[in-house]
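These are the residues of each chain, in order.
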Amino acid sequence: MRFSPAGRLGLCALAALLAGCAAPIKQFPLQEQFASTATYSRLFDATPAQTCEASRRALLSQGYLINTARKDLVDAQKSFQPEPEAHLQIAIRVVCAPESIDGKVSLGFVTALQDTYALKKSNNSASLGVGAIGSVSLPFSASNDSLVKVSSETITSDAFYDRFFDLVKRYLVMGDTE
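Think of each chain on its own: its residues are numbered from 1, step by step along the sequence as written. Only residues with pLDDT of at least 70 are given local features in this predicted model, and only at 80 or more are side-chain atom pairs given and counted; all residues enter the totals for whole chains, interfaces and linings. Side-chain metrics rest on all non-hydrogen atoms present in the structure, leaving aside hydrogens and water.

## Let's talk about the overall build of the protein chain
What counts here: Where helices and strands are cited, they refer to DSSP runs of H or I of at least four residues and of E of at least two residues respectively, numbered from the N terminus. Should any heavy atoms of two residues lie within 4.5 Å, those residues are counted as being in contact. Accessible surface area values rest on a Shrake-Rupley calculation with a 1.4 Å probe, where residue burial reflects the displayed protein chains alone.
A count of helices and strands for the protein chain gives three helices and six strands. The linear arrangement of helices and strands in the protein chain, starting from the amino end, is α-β-α-β-β-β-β-β-α. Contacts spanning at least 24 positions in sequence make up 57% of the contacts within the protein chain whose residues lie at least 6 apart. Of the roughly 12600 Å² of accessible surface on the protein chain, 58% is carried by carbon and sulfur atoms.

Listed below in structure tokens is the structure:
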């Protein structure tokens, strides 16, 4: 297929226009650093079952709802409402793994995820269509409120995890948690 010089110019202009319409891909810096393991894990002089039971009790003592409690895993969550139109939810997962051959030393891995929700309002209005007259808008309006997730991030605060592990140690010291 042959195009005249004006046709080729038009095609080039169209291609440039279409290329300009493509949204650029947003680039983010690398988020994971794989640095210290001290933030999310600790060694305990206890079996994995004892460590997970102490973790369950520590979370219960802070008002967390336990979703799953096994000898090697605890999943829990807690909700917060810091403002009338904001809601936070923290989900914590504790994995307990043996670290010694005899099973009397365990490693507790903890990850906490914080989801943030905001109240979004959407207004609805009503219209009525009448055949001979046409469309009539009525001043009736209603609003629907719904919580919409606006962010989700892993909690990375060393102090947060230090306080959690200190509480787990207290429950291990308090007695047999088997």
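From this point on, the discussion continues.
## Let's talk about the state of the cysteines
Under the convention used in this document: Two cysteine sulfur atoms make up a disulfide if the distance between them is within 2.5 Å.
Under the criterion given, the structure shown has one disulfide. Across a sulfur-sulfur distance of 2.1 Å, Cys52 and Cys96 are joined as a disulfide pair. Handedness of the Cys52-Cys96 disulfide follows from its S-S torsion of about 110°: it is right-handed. Of this pair, Cys52 sits in helix α2 (residues 48-61) while Cys96 sits in strand β4 (residues 86-98), placing them 44 residues apart in sequence.

## Considering the confidence of the model for the protein chain
Rules: Think of pLDDT as the predictor's per-residue confidence, scored from 0 to 100.
Overall, the predicted model of the protein chain reaches an average pLDDT of 83, with 69% of residues at or above 70. Ranking the helices and strands of the protein chain by mean pLDDT puts strand β2 (residues 65-69) first, with 98, and helix α1 (residues 5-21) last, with 60.

## Observations regarding the pairing of β4
Keep this limit in mind: Two strands are said to pair when DSSP picks up at least two bridges between them.
The pairing of strand β3 (residues 73-83) with β4 spans nine bridges and is classified as antiparallel. Within β4, the position partnered with Val74 by the bridge is Val94.

## Observations concerning the nonpolar core
Stated precisely, the cut-off is as follows: Here, the term nonpolar core denotes a set of buried Ala, Val, Leu, Ile, Met, Phe, Trp, Tyr and Cys residues that are joined through side-chain atoms within 4.5 Å. For the exposure calls, accessible area comes from a 1.4 Å probe over protein chains only, and a residue counts as buried if that area is under 20% of its type's maximum, exposed if over 50%, partly exposed in between.
If you look at the biggest cluster of nonpolar residues, it comprises 24 residues, and the most contacted ones within it are Leu59, Ile92, Val94 and Phe164. Mapped by element, the contributors of at least two residues to this core are α2, β3, β4, β5 (106-130) and α3 (158-173). Apart from the residues within four sequence positions on either side, Val94 is in contact with Cys52, Ser55, Leu59, Asp72, Leu73, Val74, Phe109, Val110 and Phe164.

## Here's the deal with α3
Helical periodicity: at 3.6 residues per turn, an α-helix aligns residues three or four positions apart in one direction. Stated formally: For a helix, the expected span equals 1.5 Å multiplied by the residue count minus one. It is the directions from the helix axis to the C-beta atoms whose arc is reported.
Over its 16 residues, α3 runs 22 Å from end to end, which matches the ideal 22 Å to within 8%, given 1.5 Å per residue. Within the span of α3, buried status applies to Phe160, Tyr161, Phe164, Phe165, Leu167, Val168, Tyr171 and Leu172. Viewed end-on, α3 has its buried residues packed into an arc of 155°, placing them on one side of the element. Exposed side of α3, more than 90 degrees from the buried face: Arg163 and Val173 are the residues found there.

## Remarks on the pattern of salt bridges
A side chain of one charge can pair with a side chain of the opposite charge if their charged atoms are brought near each other. What counts here: Whenever Lys or Arg places a side-chain nitrogen within 4 Å of a carboxyl oxygen from Asp or Glu, that contact is recorded as a salt bridge.
Within the structure shown, the criterion is met by six salt bridges. A salt bridge links Arg42 to Asp162, with the nearest nitrogen and oxygen atoms 2.3 Å apart. With Arg42 in strand β1 (residues 41-44) and Asp162 in helix α3, this pair connects stretches of sequence that are 120 residues apart. Note on Arg42: relative accessible area 18%, which makes it buried. The closest approach of N and O atoms between Glu53 and Arg56, which form a salt bridge, is 2.7 Å. With Glu53 and Arg56 both in helix α2 and three residues apart, this pair spans about one turn of that helix.

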